[in-house]
Amino acid sequence: MSFLRFLHSLRFRISAVYDLFRSQQSFKTCCHGFCKTSGTLPIKPILKVLVTGASGYIGSHTAIDLLQHGHEVIGLDNYVNSSPRVFDRIEKISGKPCLSYQADLRDKDSLGRIFDAHPRLDAIMHFAALKSVDESVVHPDLYYENNVSGLINLIHFQKKHRVPRLIFSSSCTVYGNADQLPVTESTPWKQAESPYGLTKQLGEMILQDFTRHAGSMSCVSLRYFNPAGAHPGGHLGEAATKEVRNLIPLIMETGAGKRPFLSIYGNDYPTRDGTNVRDFIHIMDLARAHTLAMDYLGNLPAGTYEVFNLGTGRGVTILEAIEAFNRVRGEKLPVKWAGRRPGDVVAIYADYQKAKNLLGWQPAYTMEDIMAHAWAWEKNKSELIS
Ligand SMILES: NC(=O)c1ccc[n+]([C@@H]2O[C@H](COP(=O)([O-])OP(=O)(O)OC[C@H]3O[C@@H](n4cnc5c(N)ncnc54)[C@H](O)[C@@H]3O)[C@@H](O)[C@H]2O)c1
């Protein structure tokens, strides 16, 4: 760890020199394209990225992708649904130091101090939010405050410190029960099914408007389908401190004997086997898309706002997902049929052509990979994060 800290301080000194150079237009030109004057190859700049919700599930895997692509990560989290120990995992897997702050987005003073300490941020990746649909129905005010006020505080400092790029975690929940499948980015939104879903719709609307009026900033909203799986080594995965209600972690807990059986909600949907259809996207494919979205914004004029679907384009039924897990584990998972749950969308999967064409992004992992990596993590996680 102390060696990592040493590297970290060295890295800060190097990036301070880089900051100095960066303020000169000639260097900027060299960084972003072939340097015409010297004829040298382009230098890929090291970007300083503030990652909110960095110890959460998607934020932590994205931090690894950023660090492994040479960027500098400044992590922020209030640990309402994660542990500070996740930062040790990020450093261990990436082999790079990762700065971390405990702070709540609703607390403007703490947020302001972090921005003051890092005056030359290149980008913000905004993951920090509460994400439970059920909890949001019981405490809608908490969700508006955390997810919407938190976002407004963040963009206040983004504007003040002129941070040019922001990547926002949105969700396929903005589409609701879509009329056509697969959904494209222009598929019309339905009324939000929950206060959580509403906070994603509002977040996108605020950012689109903000980008148009604030002038010097650009933004990408990424609409995730069903993020799942873990880092391929099985040394990092979802480690929520609140109760998890997503299918894949529930399958893992049942496989590990922490639950006697898995409940399947509904067997009479108009799908090929009667169960819901979802689009499971491997967490490292998702993480990769964030770094690519950040690069993409770097090539476009300020004021750009874009939205991308991130899914595999493959609809998988709940039964097919369980069968994939059974193949990985070599044993049948105990299941019980239960009635339909209110608010469950029948089927949804993504058209990701836009991300493919504009970001050069394509999912690489299969459903079996998702299950194998999640299962490896399930077996390691109590030892690695407590
Ligand atoms: N996981 C999914 O299935 C999914 C799907 C679509 C969209 N999203 C969105 O992606 C983002 C990340 O999701 P995740 O699965 O990693 O969730 P997560 O709960 O694992 O991570 C979110 C992190 O943000 C932190 N946080 C929450 N409120 C905060 C606040 N006010 N200040 C500081 N930190 C705060 C939590 O402690 C947590 O570590 C969220 O915005 C979520 O709504 C997730």
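Thresholds applied
- Starting from 1, residues in each chain are numbered consecutively following that chain's sequence as written.
- In view of the model being predicted, local features appear only for residues whose pLDDT reaches at least 70, and side-chain atom pairs are presented and counted only at 80 or more, with totals across whole chains, interfaces and linings using the full set of residues.
- Strands here mean DSSP runs of E at least two residues long; helices mean DSSP runs of H or I at least four residues long; both are numbered from the N terminus.
- The exposure scheme places C-beta atoms from the backbone and then counts, for each residue, the other C-beta atoms within 10 Å of its own, assigning buried at 20 or more, exposed at 12 or fewer, and partly exposed in between.
- The contact criterion used here is simple: two residues whose C-beta atoms, placed from the backbone, lie within 7 Å are in contact.
- Placing the C-beta atom from the backbone, one calls a residue near a molecule or strand if that atom lies within 6 Å of it.
- We call Asp, Glu, Lys and Arg charged. Ala, Val, Leu, Ile, Met, Phe, Trp, Tyr, Cys and Pro are nonpolar, and the rest, Gly among them, are polar.
- One nonpolar core equals one set of buried Ala, Val, Leu, Ile, Met, Phe, Trp, Tyr and Cys residues connected by C-beta atoms within 7 Å.
- Lines fitted to C-alpha atoms define the axes here, with helix axes fitted over just the stretch in contact, and angles between the N-to-C directions of these axes take values from 0 to 180 degrees.
- With respect to orientation, any angle under 35 degrees is reported as roughly parallel, any angle over 145 as roughly antiparallel, any angle of 65 to 115 as roughly perpendicular, and every other angle as oblique.
- Left-handed describes a crossing whose near helix is turned anticlockwise from the far helix through less than a right angle; right-handed describes the clockwise counterpart.
- For a helix, the expected span equals 1.5 Å multiplied by the residue count minus one.
- When DSSP finds two or more bridges between two strands, those strands count as paired.
- Summary of the metric used: pLDDT quantifies the predictor's per-residue confidence within the range 0 to 100.

1. Examining the overall build of the chain
Phase 1 of the analysis: The helix and strand tally for the chain stands at 13 helices and 13 strands.
Phase 2 of the analysis: Counting the 386 residues in the chain, one finds 44% classified as buried.
Phase 3 of the analysis: Counted over contacts in the chain with a minimum sequence separation of 6, partners at least 24 positions apart contribute 81%.

2. Let's talk about the site of the ligand
Phase 1 of the analysis: In the region of the ligand, 28 residues are neighbours, and Gly53, Gly56, Ser82, Ala129 and Ser169 sit closest.
Phase 2 of the analysis: Those elements giving two or more residues to the shell around the ligand turn out to be α3 (57-68), α7 (140-160) and β5 (165-171).
Phase 3 of the analysis: The element contributing the most residues to the shell around the ligand is α3, with three residues.
Phase 4 of the analysis: Per-class residue counts for the shell around the ligand are twelve nonpolar, twelve polar and four charged.

3. A look at the nonpolar core
Phase 1 of the analysis: The biggest cluster of nonpolar side chains holds 94 residues, and the ones touching the most others in it are Val51, Val73, Ala123, Ala293 and Leu310.
Phase 2 of the analysis: The element best represented in this core is helix α10 (residues 283-298), accounting for nine residues.
Phase 3 of the analysis: Contacts of Val51, omitting those with residues within four sequence positions, involve Gly59, Thr62, Ala63, Val73, Ile74, Gly75, Leu76, Met125 and Phe127.

4. Comments concerning the packing of helix α11 (residues 318-329) against helix α13 (residues 367-384)
A pair of packed helices is captured by two measures, namely the crossing angle of their axes and the spacing between those axes.
Phase 1 of the analysis: Running from N to C, α11 and α13 cross one another at 60°; their axes reach a closest spacing of 9 Å. In terms of orientation, α11 and α13 fall into the oblique class. Crossing angle aside, the handedness with which α11 passes α13 is right-handed. Here Ala321, Ala324, Phe325, Arg327, Val328 and Arg329 of α11 lie close against α13, whose contacting residues are Met367, Glu368, Met371, Ala372 and Trp375.
Phase 2 of the analysis: For the contact of α11 with α13, the class distribution of residues is eight nonpolar, no polar and three charged.

5. Section: helix α8 (residues 195-214)
Phase 1 of the analysis: Under the 1.5 Å per step criterion, the end-to-end length of α8 is 27 Å for 20 residues, consistent within 8% with the ideal 28 Å.
Phase 2 of the analysis: Those residues of α8 that fall on the buried side of the exposure criterion are Pro195, Tyr196, Gly197, Leu198, Thr199, Lys200, Gly203, Glu204, Leu207, Phe210 and Thr211.
Phase 3 of the analysis: In this structure, the buried side of α8 is in contact with α6 (133-138), α7, β5, β6 (218-224) and β11 (305-310).

6. Examining the sheet that holds β5
Phase 1 of the analysis: The seven strands are arranged β3-β2-β1-β4-β5-β6-β11 in an open sheet whose pairing can be described as parallel. At either margin of the open sheet sits one strand with a lone partner, and together these are β3 (99-102) and β11. Put simply, the sheet's adjacent strands are angled 20° from each other on average, direction ignored.
Phase 2 of the analysis: Pairing of β5 with β6, which is carried by seven bridges, proceeds in the parallel orientation. Bridge pairing links Phe168 to Ser221 in β6.

7. Focus on the environment of Leu181
Phase 1 of the analysis: Residue placement: Leu181 occurs in the loop between β5 and α8.
Phase 2 of the analysis: Residue Leu181 is classed as partly exposed on the basis of its C-beta count, with 17 C-beta atoms lying within 10 Å.
Phase 3 of the analysis: Separated by 167 residues in the primary sequence, Leu181 and Ile348 place their C-alpha atoms 6.8 Å from one another.
Phase 4 of the analysis: Apart from the residues lying within four places of it in its own chain, the contact partners of Leu181 are Ala347 and Tyr349.

8. A few points about the packing of α7 against α8
Phase 1 of the analysis: Their axes nearest at 9 Å, the elements α7 and α8 cross at an angle of 20°. On the basis of the axis angle, α7 is roughly parallel to α8. Crossing angle aside, the handedness with which α7 passes α8 is right-handed. Residues Pro140, Tyr143, Tyr144, Asn147, Val148, Leu151, Ile155 and Lys159 of α7 touch α8, and the partners they reach there are Pro195, Tyr196, Thr199, Leu202, Gly203, Ile206, Phe210 and Ala214.

9. Comments concerning the environment of Trp337
Phase 1 of the analysis: Summarising the element assignment, Trp337 is placed in strand β13 (residues 335-338).
Phase 2 of the analysis: Looking at Trp337, the number of C-beta atoms within 10 Å reads 12, which means it is exposed.
Phase 3 of the analysis: Remark: the alpha-carbon pair of Trp337 and Phe261, spanning 76 residues in sequence, is separated by 10.0 Å.

10. Let's talk about the environment of Ile93
Phase 1 of the analysis: Within the secondary structure layout, Ile93 lies in helix α4 (residues 86-94).
Phase 2 of the analysis: Considering only alpha carbons, one finds Ile93 and Gln68, 25 residues apart in sequence, at a separation of 9.2 Å.

11. A few points about the confidence of the model for the chain
Phase 1 of the analysis: Of the residues in the chain, 89% reach a pLDDT of 70 or more, and the chain-wide mean stands at 90.
Phase 2 of the analysis: Here residues 12-39 is modelled with pLDDT under 50, and outside its nearest four sequence neighbours on either side it reaches 20 contacts, counting other chains as well.

12. Considerations on the pairing of strand β4 (residues 123-126)
Phase 1 of the analysis: Burial of β4 is two-sided: the residues Ala123 and Met125 facing one way and the residues Ile124 and His126 facing the other way are all buried.
Phase 2 of the analysis: With four bridges connecting them, strand β1 (residues 48-52) and β4 associate as parallel partners. Considered in β4, the bridge of Leu50 is made with Ile124.
Phase 3 of the analysis: In this structure, β4 lies alongside β5, joined through four bridges in parallel fashion. Following the sheet pairing, Met125 is matched in β5 by Ile167.

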